[in-house]
Amino acid sequence: MSATSRYATRTSARGSRRASALGPGLVALCVVLAVVAFLSVTMGSRSIGLSEVLHALGSLNNDGSTNSTVTLELRVPRTLLGIVVGAALGVAGAILQGVTRNPLADAGIMGINAGAAAFVVFAITVLGFRGVGVYVWFAFAGAIGALLLVYSIASLGREGATPIKLALAGAAVTAGLTSVTTGIVMTNVDALNELRFWQVGSLAGRYAPILTGVAPFLLVGLVASLGFGRALNGLALGEDVARGLGQHVTRTRAAAFAVVAILAGAATAACGPIVFIGLVVPHLARFICGPDYRWIIPYSMLLAPIILLLADVLGRVAGAPDELQVGVVLGVLGAPAFVAVVRYAKLSEV
Amino acid sequence: MTVLAPPAARTLTVTRRRRSVRAAVVTVALAVAVAALFVVTMMVGSFRLSAWEVIASVLHLEDNPSVDFVVRGLRLPTAASGLTVGLALGASGTIFQQLLRNPLASPDFVGISSGAGLAAVGGIVLLNLGGLAISGLALGGAILAATLMYVLAWRDGVTGYRFILIGIGVAVFFDGLIGYVLTRAQLSQARQAMHWLAGSVGQASDTELKVLTAALIVLLPLAVLLQRPLRALELGDDTARALGTRTELSRAGLLATGVVLVALAVSVAGPIVFVALIAGPIANRLLGPATGGILPAALVGAVLLLTADLVAVHLMPTPLPTGVVTGAVGAPYLLWLLATTNRQGAGG
């Protein structure tokens, strides 16, 4: 008896210690994000002195000099975009892995990238549109359309959208749309050329209009996502237990999917497909905070933009005078780091 | 107790028999479909042949030099590579999915195809190689990636979850490097590399085809034999161990079989996507309750690839690499199957 109660006190003490360490951890991550954002504004192929950056940032209006223009019109929007897009992809990945209870789930395999690419190709070949500014809205529509299709197919039948049905429907829709897109692109050189540049997945060349276009969606989605922690914790125990705890499983899944559609759809529309972040960051967050989604979501929200911006800065510095794409940097440097974490950290399953 | 047992036992026998009958019927039907597609692939083209002419020529029943040239010389290699690559991809896909207990864990997603892709693209772009050398590199890359994943995931044994995570990391790493190599390449080499990456059954050479065929003859029966421990693994490591399965040994053996099959398939035809991913689920839905057969999954893979090749070469305005069409052929069918089985409440 005394042994059990001692055990209980010890575990609850560990739990509260964990919570008391995780709270300051979030604050620390905020500081790191601020530092990285500052780096992203100051560093690049054109070297701009620290004082000039501070001057441009302090006055917040363009005094006409090149340095001020580069800072305010290129680097600041790019950095802000990196922060919101990174946060959106990280959170979308965390929620999707929670809803589907599948460690391989990310927005890409749920059809987002394939849907967006298919609509961009449609806009180019059939409607004859050109330019990143127009593609944003087609990509957004395509991403949401593909996700809706996946969800509606998976939710046919009595039990609704179970994890395994979601995974299969997502994989199938991705397969079909990708094939159609590739087929069109292989026969239409013009479309191939345009899609090639959209598909790189990059923060470069996305300026203020695109940021202001997608930012409202991303901010709404990010705020809404913070409310899902408890529901996802329930789902992680299995549907029956979640139902027993008084949760409306179908409604939770639908709401979570809607948030993912907005977040990942808008992010992909703005930057093209960026893999890795949505897939890997939730696992990193899980290593830090254990299986509690109330912590995983905010940690993903902060870790993801830190990693994305770091990779972007590295790509700018290492590839100067050109740029290395974010995807390349993330793969070559991020993946080994991730493998090391998986190997040496204690795993908690999805 | 003694009164109740006989009817219960009888129900069990009846269910089991119904299950095995359905499995047998589905397998035979799939085999017939594969054989028919195999023949049709050799019939169509700019020079049309009848089914009898094709069969007679392949089996050396008649001597007709012009038909023999078209069939044995030109069309048989393509059809044979479609058949063998499809079988290999279908079998290895379902092995991975069952071994890792995850419907998304096909070899394309956990880094094996990416390893092969990097080796081949590197060979094309950096070393200016072509032909058989590329196939050899792809084979080496796939086996290297698989070994790397297994070694990295090993810590007092390999759990499915850790293997999947390591696989993601390895895949992302290789894909990043492929992207880097492609951006550094000249345009013509990049095009050649992209074409290889799309995957096509038409690019197979004789030697590779012979190796793959021999491997299939040995490994497919072996994989089917290893299915019993595989079933136990599906229940989870602890249960499998309690049932007396030596989990590590069975897992390593099956993984090796799957890796060799997918590596050879990629070296013959390039990393054709989605066949390995969707062949298993389609076969499972056709089989109904008796899921998990490797042979049906392999046959579904062959059906998918042969159909995709027919569509890619004959129905498109310009002939395309097979890998471009595989998803378009398989995906709608899988979605339709999902929709119908979900309606019956058997979708899983």
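Conventions and cut-offs
Residues numbered from 1 in each chain as written. Chains lettered and ligands numbered in written order. Predicted model: local features only at pLDDT ≥ 70, side-chain atom pairs only at ≥ 80, totals over all residues. Helix = DSSP H or I, 4+ residues; strand = E, 2+ residues; numbered from the N terminus. Buried ≥ 20, exposed ≤ 12 C-beta atoms within 10 Å, placed from the backbone. Contact = placed C-beta atoms within 7 Å. UniProt positions renumbered as here; feature names shortened; annotations may be inferred. Core = buried A, V, L, I, M, F, W, Y, C linked by C-beta atoms within 7 Å. Expected span 1.5 Å × (residues − 1). Nonpolar A, V, L, I, M, F, W, Y, C, P; charged D, E, K, R; others polar.

Peer 1: I tried to follow the overall build of chain B on my own but got confused; where do I start?
Peer 2: When its secondary structure is counted, chain B shows 14 helices and zero strands. Sequence-ordered secondary structure for chain B, helices as α and strands as β, is α-α-α-α-α-α-α-α-α-α-α-α-α-α. Among the 348 residues that make up chain B, the fraction classed as buried is 52%. Long-range pairs, those at least 24 residues apart, make up 75% of the contacts in chain B between residues at least 6 apart in sequence.

Peer 1: In this structure, what is going on with the UniProt feature "transmembrane region" (unreviewed entry) in chain B? I would like to understand it.
Peer 2: All names here are of chain B. Under the UniProt annotation, "transmembrane region" (unreviewed entry) lies at residues 21-44, 109-129, 136-154, 160-182, 254-279, 286-308 and 320-339. Annotated as 96% helix and 0% strand, the span residues 21-44 places its first and last C-alpha atoms 35 Å apart. The span residues 160-182 carries 100% helix and 0% strand; its end-to-end C-alpha distance comes to 32 Å.

Peer 1: So what exactly am I meant to see when it comes to the nonpolar core here?
Peer 2: Looking at soluble globular proteins, one finds that nonpolar side chains tend to be buried together. Judged by nonpolar contacts, the single largest core of 229 residues is most densely connected at Ala88(A) and Ala142(B). A total of 17 residues in this core trace back to one element, the largest contributor, which is helix H13 (residues 293-318) of chain A. Every residue in contact with Ala88(A), bar those within four places of it in the chain, is listed here: Leu218(A), Gly221(A), Leu222(A), Leu263(A), Ala264(A), Ala266(A) and Ala267(A).

Peer 1: Would you mind showing me how to read helix H12 (residues 275-287) of chain B here?
Peer 2: Owing to its 3.6 residues per turn, the α-helix aligns residues three or four sequence positions apart on the same side. Residues and elements named next belong to chain B. Its 13 residues place the ends of H12 18 Å apart at the C-alpha level, agreeing with the 18 Å of an ideal helix rising 1.5 Å per residue. Counting buried residues along H12, twelve of its 13 residues qualify, which places the element largely inside the surrounding structure. One or two residues past the end of H12 sits Gly 288, with phi positive at roughly 70 degrees.

Peer 1: What is the right way to look at the interface of chain B and chain A in this model?
Peer 2: A common measure of how large an interface is: the accessible area buried when the components associate. Each partner contributes to the interface: chain B provides 46 residues, whereas chain A provides 44 residues. Breaking the side of chain B that touches chain A down by element, the ones donating at least two residues are helix H6 (160-183), H12 and helix H14 (322-343) of chain B. Class assignment of the residues belonging to the side of chain B that touches chain A gives a composition of 30 nonpolar, twelve polar and four charged.

Peer 1: Looking at this model, I keep getting lost on unusual backbone geometry. Mind explaining?
Peer 2: Glycine aside, negative phi is the norm for most residues, and most peptide bonds take the trans geometry. The phi dihedral of Phe274(B) is positive, around 75 degrees, even though this residue is not glycine. Residue Phe274(B) is classed as buried on the basis of its 28 C-beta neighbours within 10 Å.

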